[in-house]
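Secondary and tertiary structure notes
Here is what each chain is made of, one letter per residue.
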Amino acid sequence: MEPLAPALLAGMTPRDVEVRFADDRMEPVPYDAPADLVAMSVETYTANRAYQIASRFRERGVPS
């Protein structure tokens, strides 16, 4: 079952805010893409990978 939280969050986001999805299992994470905020859906068994991704964005000063 795929996580529903990202779709719900995107649905509640104002239309003038650009939302982009990336699935680490299907494509490389776009670490260089312009971003004001990064949100992730994480399950316990993927937590270590989520910490790695978050660290890369925080290095750029992007809150995650």
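For the structure itself, look to the data block above.
Below or above, wherever it landed, is the structure these notes cover.

Thresholds, definitions, all that
- Residues numbered from 1 in each chain as written.
- Predicted model: local features only at pLDDT ≥ 70, side-chain atom pairs only at ≥ 80, totals over all residues.
- Heavy atoms only, no water.
- Core = buried A, V, L, I, M, F, W, Y, C linked by side-chain atoms within 4.5 Å.
- Buried < 20%, exposed > 50% of the residue type's maximum accessible area, 1.4 Å probe, protein only.
- Contact = heavy atoms within 4.5 Å.
- Helix = DSSP H or I, 4+ residues; strand = E, 2+ residues; numbered from the N terminus.
- Expected span 1.5 Å × (residues − 1).
- Arc of directions from axis to C-beta.
- Phe/Tyr/Trp six-rings, centres within 6.5 Å; stacked < 30°, edge-to-face > 60°.
- Lys NZ or Arg CZ within 6 Å of the ring centre and 35° of its normal.

**Description of the nonpolar core**
Core analysis: the largest hydrophobic core is formed by 6 residues, namely Val29, Tyr31, Val38, Ile53, Phe57 and Val62. In this structure Phe57 touches Val29, Pro30, Tyr31, Val38 and Val62, once residues within four positions along its chain are discounted.

**As for helix H2 (residues 47-59)**
For H2, built from 13 residues, the straight-helix expectation of 18 Å at 1.5 Å per residue is met to within 8% by its first-to-last C-alpha distance of 18 Å. Residues of H2 that are buried: Ala47, Ala50, Ile53, Ala54 and Phe57. Angularly, the buried residues of H2 cover 120° about the axis, an arc narrow enough to put them on a single face. More than 90 degrees from the buried face of H2, the exposed residues found are Asn48, Tyr51 and Glu59. Of the residues trailing H2, Gly61 is marked for its positive phi of about 85°.

**Comments concerning the packing of aromatic side chains**
In this structure the tally under the stated criterion is 1 aromatic pair. Ring centres of Tyr31 and Phe57 lie 5.4 Å apart, and the angle between their planes is 45°; on these two criteria the pair is classed as tilted. Of this pair, Tyr31 sits in the loop between helix H1 (5-12) and H2 while Phe57 sits in helix H2, and the two are 26 residues apart along the sequence. What makes Tyr31 buried here is its relative accessible area of 13%. Looking at Phe57, the relative accessible area reads 6%, which means it is buried. Against the face of Tyr31 rests Arg56, its NZ or CZ located 3.8 Å from the ring centre.

**Concerning the environment of Met26**
Looking at the secondary structure, you find Met26 in the loop between H1 and H2. Here the alpha-carbon distance between Met26 and Arg60, two residues 34 residues apart in the chain, equals 23 Å.

Nothing here speaks to function; it is geometry throughout.
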